[in-house]
Amino acid sequence: MSDVVIRVEELGKKFKLGSHMPYHRLSETLQNWAFGALRAPASWLTGKNANESKENAAALSEFWALKEINFEVKQGEVFALIGRNGAGKSTLLKILSRITEPTTGRFGIKGKVASLLEVGTGFHSELTGRENVFLSGSLLGMKRSQIRKRFDEIVDFAGVSQFIDLPVKRYSSGMQVRLGFALAANLEADVLIVDEILAVGDADFQTKSVQKMSEMGQSGRTVLFVSHNMSAVQRLCHSGILLEQGKIIQIGKVEDLLYQYLSKGGRLVAEKTWDPPIGNDVARLSRARILNANDQLEPSVNIAQPFKIEIDYESLSPDLRTTAAFHITNEQGLLVFSSHDFNNQQWWSTPRKRGHITSTCTIPAHFMNEGFYNVLIAVTTYNPDTVHAIDLNALTFEIVDQSRGQGVRGPYEGPWPGVIRPMFDWSIKQH
Amino acid sequence: MSSNTAEDGFRYYGPRPNWQWVDVAELWRFRELIWTFAQRDLKIRYRQTAVGAVWAILQPLLTMAIFAVLFGLLTAKPTSSGIPYAITCLCGLIPWKLFEGTITASTTSLVQNQNILQKVYFPKMILPLASLIPPLVDFAIAFCLLLVLMPFFGVAYSIKMLALPLVLIGLLAVSLAVSLWLSALNAIYRDVQFIVPFMLQIGMFISPVVYEMNAIIPEKWRWLYSLNPMAGVLELFRWSILGLPAPSFSSLAISLSGTLLLLLGGMFYFRRMERFFSDRI
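None of these values were measured; they are calculated from a predicted model. (Residues numbered from 1 in each chain as written. Chains lettered and ligands numbered in written order. Predicted model: local features only at pLDDT ≥ 70, side-chain atom pairs only at ≥ 80, totals over all residues.)

### Notes on the overall build of chain A
Argument step 1. Within chain A, the secondary structure is distributed over ten helices and 18 strands.
Argument step 2. For chain A, the proportion of its 431 residues judged to be buried stands at 36%.
Argument step 3. Contacts in chain A between residues at least 24 apart in sequence constitute 69% of all its contacts with a sequence separation of at least 6. (Helix = DSSP H or I, 4+ residues; strand = E, 2+ residues; numbered from the N terminus. Buried ≥ 20, exposed ≤ 12 C-beta atoms within 10 Å, placed from the backbone. Contact = placed C-beta atoms within 7 Å.)

Written out as structure tokens, the structure is:
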């Protein structure tokens, strides 16, 4: 027996564009109707433009937001829809939530579906928290009896019990969001469709919601997930599809999709050349690269291998002791670490010559955690502190773990907490 | 979206046919939502008003007073039954207010709830259905007022009042029929919401609201007059509450079949347009 719970077959959605969206004003329709009266006497009732037979114009103004979408989702999977803005993710979610209907194809779902396309669906500011929980809950498909049963739990999770009988317009936006999410987290559904919920709320709330979502995934519920927060996608989802211009360009494991997405989008950058070099009359930055252990360009670094960050710049003022430096920031915007070439004490005291300098830093294996990183590159001098050349977004790379059994993970495959992931010596005795 | 529960336990959804009957089973599954929306609108409506639901009584009373004065000044006789004007006028006004309230609320119901329509699925017909309920509550309050006033004006209760629930169903059917058309049209053409107030004003004068049909409309034009479904319904209200003679069978038949056609047409039209609401609103 197959355990597929969502099956999408040849799904497509066509929109009409531009000047041929005539049916929003009655006057225009009446005009068209008058002109086309002989051809299509009743067409105004159906909102169709009587001139639609002008097929060239029609073809030009048509736009397929989705085309030939086929995939299946198994029970208990947390499935990601990845793609740039306008790739068709939201349209696909709306179709699967039955908010709009497809132009072609069909999809099948097994079990009860709930879709969360916003936090606090249907909240009305004049109503109290209590009234809104019932309103929004019924909109999301809960029975009143279910809501009553879960009410205390919802209010506790949101932490708004004191204010539950005040109108929501007196809530802070954080309180509204928490109440909305608490409600959503208590939905009883086999399939959950979730859009961008993590994009709202403070960091604390995001952590809480990510945790709640992964619990949902572990409890056997199937979750369909769209978010621009790539690290959330990476942590929560096992597999998914990558959409581009309304088509699926890849189906598979989420790591592969993210790699494809980020490198295709020009987001993974292993080499950057500044031509002309950037900087001032002390130093000019000309190139930065990420190299693997074999000195090859590599934006996707194996965690078990050391790698290098190489910085090339022109030294123009021999009296000043320049230093090449970088900052490595992770996806949450946390500065993981920074370094500069004064780590090499000999170089620190060496007088500079006019000309080209290449500084290379080797970062050891088993040091950084898996994920995506941004590199800031700069050339500076100290005493006085001056930045001569800087690029905040010079390079982007990822650390991947392809180990199976060896390495830090051992046999464990789940998410690994921590900003860094060092491999230490453990001595173990069995008594 | 057509849903064929099928094969292998899946429920499939695809593009659905242009013309489709109302999915009653689905509406039934979502019935709590009708009440939820109605409750929301009821709660919001009288919030921050000084007298609250008393407006349900004041509105028909004030309108009646205006017309009583007007007809008095014109020395016109809008009734032929001999029943005090206050009572026969309220018998028309109270059901008319239900119709008016429903139409006003339902016309904009889809547009006003567009945020929700874009974020969650439910059968859209829930919205015009829910717009029936708050005016129905007002109707109940105002009807109690009428019952209190009748002995005061020396008008006896008629035994035919037992048929009132049926007449009320007729009124709800007319209201729903018009609501379905106007809410669907307004979702596509916003012009409708500007036309509706005028239509309601005209409608009030071409229906026996502030006058009795027999007193004003000449015999030979009554067939045409009866094409207005509200005409039949309002006359039936006077028949049932006041025990006035029932409208003729032919004018009732015209009204009834008109209502049915309007309702069926409205259902099909609404279902047809429903698919586009979230794309076009």
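### What about the packing of helix H4 (residues 129-139) of chain A against helix H6 (residues 173-185) of chain A?
Residues and elements named next belong to chain A.
Argument step 1. Their axes nearest at 11 Å, the elements H4 and H6 cross at an angle of 40 degrees. As the angle between them shows, H4 and H6 are arranged oblique. Handedness of the crossing formed by H4 with H6: right-handed. Here Gly129, Val133, Ser136 and Gly137 of H4 lie close against H6, whose contacting residues are Leu179, Gly180 and Leu183.
Argument step 2. Across the contact of H4 with H6, the residue classes break down as three nonpolar, four polar and no charged. (Axes fitted to C-alpha atoms, helices over the stretch in contact; angles between N-to-C directions. Parallel < 35°, antiparallel > 145°, perpendicular 65-115°, else oblique. Left-handed = near helix turned anticlockwise from the far one by under 90°. Nonpolar A, V, L, I, M, F, W, Y, C, P; charged D, E, K, R; others polar.)

### Section: the confidence of the model for chain B
Residues and elements named next belong to chain B.
Argument step 1. Overall, the predicted model of chain B reaches an average pLDDT of 88, with 97% of residues at or above 70.
Argument step 2. Per-residue pLDDT, averaged within each element of chain B, yields its smallest value for strand S1 (residues 2-5) (50) and its largest for helix H7 (residues 126-131) (95).
Argument step 3. Here the predicted complex carries an ipTM of 0.81, next to a pTM of 0.73. (pLDDT = per-residue confidence, 0-100.)

### Re the pairing of strand S10 (residues 271-279) of chain A
Argument step 1. Relative to strand S11 (residues 283-291) of chain A, S10 of chain A is paired through five bridges, and the arrangement is antiparallel. Each bridged residue has a counterpart across the sheet, and for isoleucine 278 of chain A the counterpart in S11 of chain A is leucine 285 of chain A. (Pairing = 2+ DSSP bridges.)

### Some details on the environment of glutamate 9 of chain A
All names here are of chain A.
Argument step 1. Relative to the helices and strands, glutamate 9 resides in strand S1 (residues 4-16).
Argument step 2. Taking the C-beta count within 10 Å as the criterion, glutamate 9 has 17 such neighbours and is therefore assigned partly exposed.
Argument step 3. Sequence separation between glutamate 9 and isoleucine 69 is 60 residues; the distance between their C-alpha atoms is 6.4 Å.
Argument step 4. Filtering out sequence-adjacent residues up to four positions away, glutamate 9 remains in contact with Asn70, Gly105, Arg106 and Phe107.

### Some remarks on the domain arrangement of chain A
Residues and elements named next belong to chain A.
Argument step 1. When cut into domains, chain A gives domain 1 (69-264) and domain 2 (271-400).
Argument step 2. The centre of domain 1, based on its C-alpha atoms, is set 40 Å off from the matching centre of domain 2.
Argument step 3. With six residues of domain 1 at the interface, the matching set in domain 2 holds eight residues.
Argument step 4. Contributing elements (two or more residues each) for the side of domain 1 that touches domain 2: helix H8 (230-236) and helix H9 (254-264).
Argument step 5. Residue contributions to the side of domain 1 that touches domain 2 peak at four residues, all from H9.
Argument step 6. Split into classes, the residues belonging to the side of domain 1 that touches domain 2 amount to three nonpolar, two polar and one charged. (Domains from an automatic or database assignment.)

### Comments concerning the interface of chain B and chain A
Argument step 1. Contacts between the two partners involve 29 residues from chain B, matched on the other side by 37 residues from chain A.
Argument step 2. Here the side of chain B that touches chain A gets six residues from one element, more than from any other, and that element is helix H2 (residues 31-45) of chain B.
Argument step 3. Looking at the side of chain B that touches chain A, its residues break down into 13 nonpolar, five polar and eleven charged.
Argument step 4. Summarising the sheet, strand S4 (residues 104-109) of chain A and strand S2 (residues 11-14) of chain B pair through three bridges and their orientation is antiparallel. Note on S2 of chain B: the bridge partner recorded for phenylalanine 107 of chain A is tyrosine 13 of chain B.

### Considerations on the sheet that holds strand S6 (residues 191-195) of chain A
All names here are of chain A.
Argument step 1. Taken in spatial order, the six strands make up an open sheet running S5-S6-S7-S3-S8-S9, and their pairing is mixed. For this open sheet the edge positions go to strand S5 (113-116) and strand S9 (247-253), each flanked by a neighbour on one side alone. Neighbour-to-neighbour, the strand axes of the sheet open up by a mean angle of 15 degrees, direction not taken into account.
Argument step 2. Relative to strand S8 (residues 239-244), strand S3 (residues 78-83) runs parallel, the two being bridged by five bridges. Bridge pairing links glycine 83 to leucine 243 in S8.

### Description of the confidence of the model for chain A
Residues and elements named next belong to chain A.
Argument step 1. When pLDDT is averaged along chain A, the result is 82, and 84% of the positions lie at 70 or above.
Argument step 2. For chain A, the element scoring lowest by mean pLDDT is helix H2 (residues 55-60), at 55; strand S13 (residues 307-315) scores highest, at 95.
Argument step 3. The model gives residues 18-23 a pLDDT under 50, and that stretch makes 14 contacts with residues more than four places away or in other chains.
Argument step 4. Predicted confidence for residues 48-54 stays below pLDDT 50, and this span has 15 contacts to residues more than four positions away or in other chains.

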